[in-house]
Amino acid sequence: MTVVGNPRSWSCQWLPILILLLGTGHGPGVEGVTHYKAGDPVILYVNKVGPYHNPQETYHYYQLPVCCPEKIRHKSLSLGEVLDGDRMAESLYEIRFRENVEKRILCHMQLSSAQVEQLRQAIEELYYFEFVVDDLPVRGFVGYMEESGFLPHSHKIGLWTHLDFHLEFHGDRIIFANVSVRDVKPHSLDGLRPDEFLGLTHTYSVRWSETSVERRSDRRRGDDGGFFPRTLEIHWLSIINSMVLVFLLVGFVAVILMRVLRNDLARYNLDEETTSAGSGDDFDQGDNGWKIIHTDVFRFPPYRGLLCAVLGVGAQFLALGTGIIVMALLGMFNVHRHGAINSAAILLYALTCCISGYVSSHFYRQIGGERWVWNIILTTSLFSVPFFLTWSVVNSVHWANGSTQALPATTILLLLTVWLLVGFPLTVIGGIFGKNNASPFDAPCRTKNIAREIPPQPWYKSTVIHMTVGGFLPFRYPPFIPWLSLSGSDLNFSRPYSSSTLTQPIDPWFSGTIQRSLNGSSYPQAGLSLNDMRVSHL
């Protein structure tokens, strides 16, 4: 009995790939929608909370003093969801398909002064929460803050103790989910003594409505583009116009250079005996500028291994980006599902390691490299090792602060296993094929055996000065010029919540926060204007 024919060893070897494949989605063209019957329970998972202006800083929802079951049961998550910082857990909300609920009591709570202070701090930092209903994210703010006036100054903090859930269905599928606090008065958290307890009663309502939209992809109001603001609107026409102009100019310059260089390359490739009839320097008398060192351009660099490693990693990331775009266009995974793109990126990165090994080793052998084993090790470590060291520091900071962005130990072991059992072996295999298929390097023109001596250059022509000046080129315009090009139509903060695209009532404070903060109009229910708000929270 051979080891290769053992089913158990085969399953252990390909288990990480199967886990990644299962985590990328539900198959080609499938959105992972659950079918319900009337009265079936719809599970609402609580996920995470965090500051609105820093979505990368997230914490578990149950870290706040909120309604929590006695035994917390977490949902099994895919690799992409864990990498995205999701930590879903079951909640106390009882929702049934197509059954409306009016102000049902969720729980009664007695909060101490420390717990109230924790909620106050979260509301002042503009914390938002995220729930998940049938893979649909539902987001809202934890509380309400009003700060107005200078003399006298008023600072009011309120907690939303009632939530209205609006769900839309088509047939037996849920299409859209949203949460609102319309016509709800926040519970004040002010004026509590240190030794006093605050009694709260959390309630919720559920409203169902039928929609004619058949697919979720046709109505994506609950994604990040709807809740979090967009800084700029993408002008596709300007981008296409610029790309066409660049391609035309590059084509014209390439045609001109090829016609000019064709004669030069033919002259440079003549035999030395033919060109050295007279003086040995007559061959280069008509050259100037870069043409003087044409015999040194294709000389092999001293750090050829590093050059080949960079070339291989670049080819891998080019294939990685192209593969994700092609898979998304072909519907091989659901781009709207939590963590689907992260899972696809991990899978493709492991599978495209063979490209980096092949390109690096192939070019390394072409330019005369002999230590191809060290070249493969450098290629597989050029990106992964610095990335792992940087990620270790960032993950340690998240872990010390209790953030959900910190990866669990099991996920770290899974990623290391994928890299050791899939990524590294494929890099070695690709390197072996590249080494064996390499042919001698054929330069467009001949290269002299002795390098031309280059005289020392002044300080303003040094490499450091060139790198510094080149780095300032993207910032050659004054900082305020790009901002002057932005118009009111470029800002898209409130577009996903515009009245022309919504059929369900959305909380006016949630949906109009950013828009009203721009035009200075007052908030409903609070009588709050832009001049009275603290800019750091809006």
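Residues numbered from 1 in each chain as written. Predicted model: local features only at pLDDT ≥ 70, side-chain atom pairs only at ≥ 80, totals over all residues. Heavy atoms only, no water.

Caption draft 1: Structural detail: the overall build of the protein chain. Regarding its fold elements, the protein chain presents 15 helices and 14 strands. Buried positions account for 38% of the 538 residues belonging to the protein chain. Pairs at least 24 apart in sequence give 76% of the contacts found in the protein chain among residues at least 6 apart. Summing over all exposed atoms, the protein chain offers an accessible surface of approximately 31,600 Å²; the carbon and sulfur share of this is 63%. (Helix = DSSP H or I, 4+ residues; strand = E, 2+ residues; numbered from the N terminus. Buried < 20%, exposed > 50% of the residue type's maximum accessible area, 1.4 Å probe, protein only. Contact = heavy atoms within 4.5 Å. Areas by Shrake-Rupley, 256 points an atom, 1.4 Å probe, with all protein chains shown as cover.)

Caption draft 2: How the structure looks around the UniProt feature "transmembrane region" (unreviewed entry) in the protein chain. UniProt tags residues 236-258, 306-333, 339-360, 372-394 and 406-433 as "transmembrane region" (unreviewed entry). The span residues 236-258 is 100% helix and 0% strand, and its two end C-alpha atoms sit 32 Å from each other. Secondary structure over residues 339-360 splits into 91% helix and 0% strand, and the C-alpha atoms at its two ends are 31 Å apart. (UniProt positions renumbered as here; feature names shortened; annotations may be inferred.)

Caption draft 3: The arrangement of the packing of helix α7 (residues 304-329) against helix α9 (residues 353-366) in detail. In the contact formed by α7 and α9, the axes pass within 7 Å of each other and the chain directions differ by 145°. Seen along the crossing, α7 lies across α9 with a hand that is right-handed. From α7, Arg304, Gly305, Leu307, Cys308, Ala309, Leu311, Gly312, Val313, Ala315, Gln316 and Ala319 reach across to α9, where they touch Cys353, Ile355, Ser356, Val359, Ser360, Phe363 and Tyr364. Class assignment of the residues belonging to the contact of α7 with α9 gives a composition of 12 nonpolar, 5 polar and 1 charged. (Axes fitted to C-alpha atoms, helices over the stretch in contact; angles between N-to-C directions. Left-handed = near helix turned anticlockwise from the far one by under 90°. Nonpolar A, V, L, I, M, F, W, Y, C, P; charged D, E, K, R; others polar.)

Caption draft 4: Local environment of empty space enclosed by the protein. In total, this model carries 7 cavities of 30 Å³ or more according to the counting rule given. Quantified by volume, the largest cavity comes out at close to 230 Å³. Lining the largest cavity are 22 residues, and of these Tyr61, Tyr93, Trp160, Leu163 and His202 lie nearest its centre. Elements supplying a minimum of two residues to the lining of the largest cavity: β7 (127-133), β11 (162-170) and β14 (198-210). (1 Å grid on protein atoms, 1.4 Å probe; cavity = no way out; pocket = protein on both sides within 12 Å on 5 of 7 lines; lining within 4 Å. Points joined across faces, edges and corners; volume = space filled by probe spheres on them.)

Caption draft 5: Representation of the sheet that holds strand β13 (residues 187-188) in the model. Taking strand neighbours across the sheet as the criterion, the 3 strands line up as β9-β10-β13 in an open arrangement whose pairing is antiparallel. The open sheet has two edge strands, β9 (143-148) and β13, and neither has a second partner. Those strands touched by helix α3 (residues 113-124) are β9 and β10 (154-159), and its axis lies near 110° from that of β10. (Pairing = 2+ DSSP bridges.)

Caption draft 6: Expanded view of the pattern of salt bridges. Per the counting criterion, the structure on display carries 9 salt bridges. For the salt bridge of lysine 75 with aspartate 135, the shortest nitrogen-to-oxygen distance reads 3.7 Å. Of this pair, lysine 75 sits in the loop between β3 (59-60) and α2 (79-83) while aspartate 135 sits in the loop between β7 and β8 (136-141), and the two are 60 residues apart along the sequence. Look at aspartate 135 and you get buried, because its relative accessible area is 12%. (Salt bridge = Lys/Arg side-chain N within 4 Å of Asp/Glu carboxyl O.)

Caption draft 7: Here's a closer look at unusual backbone geometry. Unusually for a residue other than glycine, aspartate 135 sits at a positive phi of about 65°. The backbone of aspartate 183 shows a phi angle near 60°, a positive value even though the residue is not glycine. Examined against the element boundaries, aspartate 183 turns out to sit in the loop between β12 (173-180) and β13. Residue classification places aspartate 183 among the exposed positions, given a relative accessible area of 67%.

Caption draft 8: Representation of the environment of proline 55. Along the chain, proline 55 falls in the loop between β2 (44-51) and β3. Owing to a relative accessible area of 34%, proline 55 belongs among the partly exposed residues under this scheme. When the C-alpha atoms of proline 55 and tyrosine 127 are compared, they prove to be 9.7 Å apart, with 72 residues separating the residues in sequence. Excluding residues within four positions of it along the chain, proline 55 makes contact with Tyr128, Phe228 and Gln405.

Caption draft 9: Just the state of the cysteines, in detail. Using the criterion set out here, one finds 1 disulfide in the structure. The residue that forms a disulfide with cysteine 67 is cysteine 107, at a sulfur-sulfur distance of 1.7 Å. Judged by the sign of its S-S torsion, about -65°, the cystine formed by cysteine 67 and cysteine 107 is left-handed. Note that cysteine 67 is positioned in the loop between β3 and α2 and cysteine 107 in strand β6 (residues 101-111), a separation of 40 residues in sequence. With relative accessibility at 9%, the residue cysteine 67 sits in the buried group. The thiol of cysteine 353 is unpaired, and the distance to the nearest cysteine sulfur, on cysteine 354, comes to 7.7 Å. (Disulfide = S-S within 2.5 Å.)

Caption draft 10: Looking closely at the nonpolar core. The biggest cluster of nonpolar side chains holds 51 residues, and the ones touching the most others in it are Phe131, Phe165 and Trp208. Leave out the neighbours within four places in its chain, and phenylalanine 165 touches Leu44, Tyr93, Phe131, Asn178, Val179, Tyr204, Ser205, Val206 and Arg207. Residues Tyr52, Tyr128, Phe141 and Phe228 belong to the second largest nonpolar core, which totals 6 residues. (Core = buried A, V, L, I, M, F, W, Y, C linked by side-chain atoms within 4.5 Å.)

Caption draft 11: Structural context of the packing of aromatic side chains. Following the criterion strictly, the structure yields 22 aromatic pairs and no others. When the centroid spacing of 5.8 Å and the interplanar angle of 50° are considered together, the rings of tyrosine 93 and phenylalanine 131 count as tilted. One end of the pair, tyrosine 93, is in the loop between β4 (89-90) and β5 (95-96); the other, phenylalanine 131, is in strand β7, and 38 residues separate them in sequence. Counting every residue linked through ring pairs, the aromatic cluster contains Tyr61, Tyr62, Tyr93, Phe129, Phe131, Phe165 and Tyr204. (Phe/Tyr/Trp six-rings, centres within 6.5 Å; stacked < 30°, edge-to-face > 60°.)

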